[in-house]
Amino acid sequence: MALDAVAVSALVDELQCLVGGRVDKVHQPERDEIAVYVRTYDSSYRLVLSASSANPRAHLTEHTKKNPATAPLFCMLLRKHIGSGKITAVEQVGFERIIKISVESYNELGDLTVKYLITEIMGRYSNVILVSEDGTVIDSVKHVDGTVSSVREILPGGVYAPPPPQNKVPLTEFGADDTIPFDRPVKADKAILSSVAGISPLTAREIVYSVFGTTDVNAADVNTNKAAELKLAVMKLGERVRNKDFSPCIITDNATGKLMEFSAVDIRQYERLASVQSAGSMNEVVDDFYYRRDMHDRMRQKSAGIVKLLNNNIERVSKKLSILERTVKDAENREEYKIKGDLLTANIYRMQEGMKEIEADNFYEPGSAPMKIALDPSLSPSMNAQRYYKKYNKAKTALVEAAKQIEAARADLDYLESTLYVAENAETIEDIDAVKDEMASLGYISRRSKQTRRKAKEKSKPMHFVSSDGFDIYVGRNNTQNDYLTLKFANTSDLWFHTKDIHGSHAVIKLGLDKDVPKNTILEAARLAAYYSQARESAQVPVDYTVIKNVKKPNGAKPGMVIYEGYNTVYVKPGLITDGEEHDA
């Protein structure tokens, strides 16, 4: 993540829109997150101030969160001190990741006072602090005492002091007389980071890339001329920041489609490995990045229980399958038991009580060496023969039963693995609820309460895409939707897509009156089927497609399980064609 001082500078520049506005509401949706609603003459804004150790940030947002029924104490204190207050300034403290918001408000005595709402974005040391005009800490989201930090305490009643300065030159002050130590056994970007304050590793690598065309450069390989070029690149970046010349962008991995980074300046270092999308504002970039990351974390937490359940069931079925396969392997020797029973029966006159072994000519293989047959000395000759016949019959029966159970176990394993893929890649709470309902209907988990089922009544809808040729393409989000799309929604002549022998979603091209599907639309539908499958990160994925009438669901098959015939196969690179949108299919 690149929420460095450069990004903070860009955010603060845009947050000037809050100056002159009044604090309308204050909420605290999370233990370490504050939401401040600001109303100006012609607009209203929602400002997020987060001291989260994982995702600290400060930005405007369009998204809202559910607030607790009872406001936390810090939230109540903020309402008391800055509620209805006027924002008079939004500043970046030094060139640090610190945003200071000045708020004028009247105290209980009617006197006009100034309070400072300070957000420090510093990883696990992040904090949101309310400070009085004389520099006294009124309170903070996180209390920092001597047991937490021996350098700097943040406690009510204490004097607020900014974090101790780093032994570096701020980017905006870096000049020709400053130096970068390239005589160290580190990468060139690390050498830059050790001397220039306020930039992230991403920005430092971009500086190196701008000079060398690659980021993999050792500091020892930087000669005098290149060192001068790198210094000049640092100074130019500092000038851009001073001039508020920002180019907000968000970076997405081309292979996985996942968010990687964001930046306040142009990024070129990833070349073809990632897509760099420019945005209208830094607030927009930060809001989108953290919202999507937050949703991913929430989905991971929400799906943790069902994922664990699925993994446990997969492990159980896999063990059962292993035992059954071993049973089949053992049963392959069943004919040997019958032969031994026949040979003992033919040689019963030679057998005596208490014998442990007998050698008999194998009349099934004339000319072969006599067969040694182990005997149970506690059994009579005839019972020894019956013992081998019983082994033969048991193995024969086990083979038939095991074959049936193996087929069922493989179907269970296939279903569980496909459901696990859906649960691990769920994008909404509704997707997780759909998986839970599906698992409950099949008896894997206990039935959910009526109240919970009522909340989940509004199920998620299949994803809808439009091909470059104007054809509608639908993709199921889970097994239940896959069945709906394939068996109910699609017409017999519509085209159906699924990755070959790989778990994934069903995709359907709705043909309507036009039955002539362009090749490009077929490839786009195949790319979507590959993208929403376990092969998403592969370079080339085989995707089968056929008309819906060739797709059948066997009796008793689990949700999402079908068989098909008369198909074609194309090899495509997984990818999206447009942003999917929910559609009432």
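Residues numbered from 1 in each chain as written. Predicted model: local features only at pLDDT ≥ 70, side-chain atom pairs only at ≥ 80, totals over all residues. Heavy atoms only, no water.

As recorded in an unreviewed UniProt entry, the protein goes by Rqc2 homolog RqcH and comes from Candidatus Ornithomonoglobus merdipullorum. Checking UniProt for the protein, the heading Sequence similarities (unreviewed entry) contains the comment "Belongs to the NEMF family." Under the Subunit (unreviewed entry) heading, UniProt states for the protein: "Associates with stalled 50S ribosomal subunits. Binds to RqcP." (UniProt positions renumbered as here; feature names shortened; annotations may be inferred.)

(A) Summary view of the overall build of the protein. Looking only at helices and strands, one finds 12 helices and 25 strands in the protein. Relative to the globule expectation of 25 Å for 585 residues, the C-alpha radius of gyration of the protein, 35 Å, shows a markedly less compact shape. Based on the C-alpha atoms only, the size of the protein along its principal axes is roughly 115 × 65 × 55 Å. By the burial criterion, 47% of the 585 residues in the protein qualify as buried. Counting only contacts in the protein whose residues sit at least 6 apart along the sequence, the fraction spanning at least 24 positions is 58%. (Helix = DSSP H or I, 4+ residues; strand = E, 2+ residues; numbered from the N terminus. Rg over C-alpha atoms; globule rule 2.2 N^0.38 Å. Buried < 20%, exposed > 50% of the residue type's maximum accessible area, 1.4 Å probe, protein only. Contact = heavy atoms within 4.5 Å.)

(B) How the structure looks around the UniProt feature "coiled-coil region" (unreviewed entry) in the protein. Under the UniProt annotation, "coiled-coil region" (unreviewed entry) lies at residues 307–334 and 392–419. Taken end to end, residues 307–334 is 93% helix and 0% strand, and its first and last C-alpha atoms sit 41 Å apart. Within residues 392–419, the helical portion is 100% and the strand portion 0%, while the C-alpha atoms at the span's ends are 40 Å from each other.

(C) Looking closely at the pairing of strand β13 (residues 259–263). Sheet topology places strand β12 (residues 249–253) next to β13; 4 bridges connect them, and they run antiparallel. Its bridge partner lying in β13, T252 is registered against L259. Count of turn residues in the β12/β13 antiparallel hairpin: 5 residues, of which G257 carries a positive phi of about 75°. (Pairing = 2+ DSSP bridges.)

(D) Helix α4 (residues 201–212), seen in detail. The first and last C-alpha atoms of α4 sit 16 Å apart over 12 residues, in line with the 16 Å expected at 1.5 Å per residue. For α4, the complete set of buried residues consists of L202, T203, A204, E206, I207, V208, Y209 and V211. Residues of α4 that are buried sit in contact with α3 (188–195), α5 (224–242), β12 and β13. Phi turns positive one or two residues past the end of α4, at G213, with a value near 75°. (Expected span 1.5 Å × (residues − 1).)

(E) Here's a closer look at the confidence of the model for the protein. Here the protein averages 88 in pLDDT, and 96% of its residues register 70 or above. Mean pLDDT in the protein bottoms out at strand β25 (residues 581–582), which sits at 46, and peaks at strand β5 (residues 86–92), which reaches 97. Segment residues 449–457: pLDDT under 50, and 6 contacts once partners within four positions in sequence are set aside and those in other chains are kept. (pLDDT = per-residue confidence, 0-100.)

(F) Main features of the packing of helix α6 (residues 282–331) against helix α9 (residues 429–441). Remark: α6 packs on α9, axes separated minimally by 10 Å, with the N-to-C direction vectors making an angle of 20°. By the angle between their axes, α6 is roughly parallel relative to α9. Judged by the sense of rotation from one axis to the other, the crossing of α6 with α9 is left-handed. Residue-level contacts link M299, K302, S303, I306, L309 and L310 of α6 to I429, I432, D433, V435, K436 and M439 of α9. The residue inventory of the contact of α6 with α9, partitioned by class, reads 8 nonpolar, 1 polar and 3 charged. (Axes fitted to C-alpha atoms, helices over the stretch in contact; angles between N-to-C directions. Parallel < 35°, antiparallel > 145°, perpendicular 65-115°, else oblique. Left-handed = near helix turned anticlockwise from the far one by under 90°. Nonpolar A, V, L, I, M, F, W, Y, C, P; charged D, E, K, R; others polar.)

(G) Layout of the nonpolar core. Of all hydrophobic cores here, the largest spans 70 residues; its most connected members are F182, I192 and F262. By residue number, the principal contributor to this core is helix α1 (residues 5–14), which donates 7 residues. Among residues more than four places away in sequence, those in contact with F182 are A188, A191, I192, A219, A220, V222, A227 and L230. Y421, Y444, F471 and Y532 belong to the second largest nonpolar core, which has 46 residues in total. (Core = buried A, V, L, I, M, F, W, Y, C linked by side-chain atoms within 4.5 Å.)

(H) Seen up close, the sheet that holds β12. Here we have 3 strands laid out as an open sheet, ordered β13-β12-β14, and antiparallel in their pairing. Whereas interior strands pair on both sides, the edge strands pair on one side only; in this sheet they are β13 and β14 (274–278). In this sheet, neighbouring strand axes are inclined to one another by 20° on average, regardless of whether the strands run parallel or antiparallel.

(I) Local environment of the packing of aromatic side chains. If you walk through the whole model with that rule in mind, you get 12 aromatic pairs. Aromatic pair F262 and Y290: ring centres 5.8 Å apart, planes at 70°, arrangement edge-to-face. Residue F262 is found in strand β13, and its partner Y290 is found in helix α6; the two are separated by 28 residues along the sequence. Since its relative accessible area comes to 0%, F262 is described here as buried. The buried category is assigned to Y290, whose relative accessible area is 1%. For the pair F363 and Y364, a centre-to-centre distance of 4.9 Å together with 40° between the ring planes defines the contact as tilted. According to the relative accessible area criterion, F363 is partly exposed, its value standing at 47%. (Phe/Tyr/Trp six-rings, centres within 6.5 Å; stacked < 30°, edge-to-face > 60°.)

(J) Region of the structure containing empty space enclosed by the protein. Counted under the stated rule, the structure contains 4 cavities of 30 Å³ or more. Of the volumes computed, that of the largest cavity is approximately 130 Å³. Y421, V422, N425, A426, E427, D431, M463, G476, R477, S505, Y532 and R536 are the residues that line the largest cavity. Of the residues contributing to the lining of the largest cavity, the split by class is 5 nonpolar, 3 polar and 4 charged. (1 Å grid on protein atoms, 1.4 Å probe; cavity = no way out; pocket = protein on both sides within 12 Å on 5 of 7 lines; lining within 4 Å. Points joined across faces, edges and corners; volume = space filled by probe spheres on them.)

(K) Here's a closer look at the pattern of salt bridges. Going through the model one piece at a time under the given rule, you end up with 18 salt bridges. Close ionic contact of R39 with D24 constitutes a salt bridge, the shortest N to O distance being 3.9 Å. Here the residue R39 occupies a position in strand β2 (residues 33–39), and D24 occupies one in strand β1 (residues 22–30), the gap between them amounting to 15 residues. For D24, a relative accessible area of 39% corresponds to the partly exposed category. Note that D412 and K558 form a salt bridge whose closest N and O atoms lie 2.6 Å from each other. Of this pair, D412 sits in helix α8 (residues 381–424) while K558 sits in the loop between β22 (551–552) and β23 (563–564); the two residues are 146 residues apart in sequence, bridging distant segments of the chain. (Salt bridge = Lys/Arg side-chain N within 4 Å of Asp/Glu carboxyl O.)

(L) Local environment of the packing of α4 against α5. The geometry of α4 relative to α5 is characterised by a closest axis approach of 9 Å and an angle of 130° between their N-to-C directions. By the angle class used here, α4 and α5 are oblique. In the packing of α4 onto α5, the handedness of the crossing is right-handed. Taking contact as the criterion, the partners of T203, I207, V208, S210, V211 and F212 in α4 are, on α5, K226, E229, L230, A233, V234 and L237. When the residues that make up the contact of α4 with α5 are grouped by side-chain class, the tally is 8 nonpolar, 2 polar and 2 charged.

(M) Fine view of the pairing of β5. Across 6 bridges, the pairing between β5 and strand β6 (residues 98–106) is antiparallel. Residue V90 lies in a different strand from β6, and its bridge partner there is I101. What sits between β5 and β6 in their antiparallel hairpin is a turn of 5 residues, with G94 showing a positive phi close to 60°.

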